[in-house]
Amino acid sequence: MQSSEEGDYLSQSDISSQMLKGIFQGCLLLLINHQPYYGYAISQELSKYGFTDVPKGTIYPLLMNMERKGLIVGKTKPSKEGPQRKYYYITSTGKQARKTFLTQWANLSLNVNDLINERRNDQ
């Protein structure tokens, strides 16, 4: 295995970006499973859970990708506040992906927390 000095590893920002995409997809599935949302409402809802710095340019491409994968379906509906909005609904494939995300997240967070707690005093 080559060292990071030789440039074969992803940069820290690339790793964070890739991890966040998977985590955000799971978070969006959790939100949309509860009720349909349109794009801006999703960003507002994410803010309630501390995701305040998520650029809008991250959410919309992810929603389009999820729609292409069949995890969600978008339906345009009239809005009382102005132009029509595209609301996203979870599909049966999305519900299965949500279950998978929850299982994987539980395992990952348990393992990472165990490691952190065990090695916390190693400094």
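See the structure shown above.
These numbers come from a predicted model, not from an experiment.

Participant: I would appreciate a short explanation of the sheet that holds strand S2 (residues 72–79) in the present structure.
Facilitator: Note: strands within a sheet are paired through backbone hydrogen bonds, in either parallel or antiparallel orientation. The sheet built from three strands is open, its strands ordered S1-S3-S2 with antiparallel pairing. With partners counted over all chains shown, the strands left at the sheet margins are strand S1 (37–38) and S2, one partner each. Summarising the sheet, S1 and strand S3 (residues 82–90) pair through two bridges and their orientation is antiparallel. Of the residues in S3, the one forming a bridge with Tyr-38 is Tyr-87.

Participant: What should I look at first to understand the packing of aromatic side chains in this one?
Facilitator: Each aromatic ring pair is characterised by the separation of its centres together with the angle its planes make. Going through the model one piece at a time under the given rule, you end up with three aromatic pairs. Between Tyr-38 and Tyr-87, the ring centres sit 5.3 Å apart and the planes meet at 75 degrees, which makes this aromatic pair edge-to-face. With a gap of 49 residues between them, Tyr-38 in strand S1 and Tyr-87 in strand S3 connect regions that are remote in the sequence. Tyr-38 gets classed as buried once you look at its relative accessible area, which sits at 17%. Here Phe-101 and Trp-105 contribute two aromatic rings whose centre-to-centre distance is 6.2 Å and whose plane-to-plane angle is 25 degrees, an arrangement assigned as stacked.

Participant: Would you mind going over the side chain of Glu-45 with me for this structure?
Facilitator: Locating Glu-45 in the fold gives a position in helix H2 (residues 39–48). For Glu-45, a relative accessible area of 13% corresponds to the buried category.

Participant: Please explain helix H3 (residues 56–68) as it appears in this structure.
Facilitator: Note on helix geometry: an α-helix contains 3.6 residues per turn, so any two residues three or four positions apart are oriented the same way. For H3, with 13 residues, the first-to-last C-alpha span of 19 Å sits near the 18 Å given by 1.5 Å per residue. Those residues of H3 lying buried are Ile-59, Leu-62, Leu-63 and Met-66. Buried residues along H3 cover an arc of 105 degrees about the axis, so they all sit on one side. Across from the buried face of H3, at angles greater than 90 degrees, the exposed residues are Gly-57 and Arg-68. Note on H3: the residue one or two positions beyond its end, Gly-70, has a positive phi of about 80 degrees.

Criteria and thresholds
- Residues numbered from 1 in each chain as written.
- Predicted model: local features only at pLDDT ≥ 70, side-chain atom pairs only at ≥ 80, totals over all residues.
- Heavy atoms only, no water.
- Pairing = 2+ DSSP bridges.
- Helix = DSSP H or I, 4+ residues; strand = E, 2+ residues; numbered from the N terminus.
- Phe/Tyr/Trp six-rings, centres within 6.5 Å; stacked < 30°, edge-to-face > 60°.
- Buried < 20%, exposed > 50% of the residue type's maximum accessible area, 1.4 Å probe, protein only.
- Expected span 1.5 Å × (residues − 1).
- Arc of directions from axis to C-beta.

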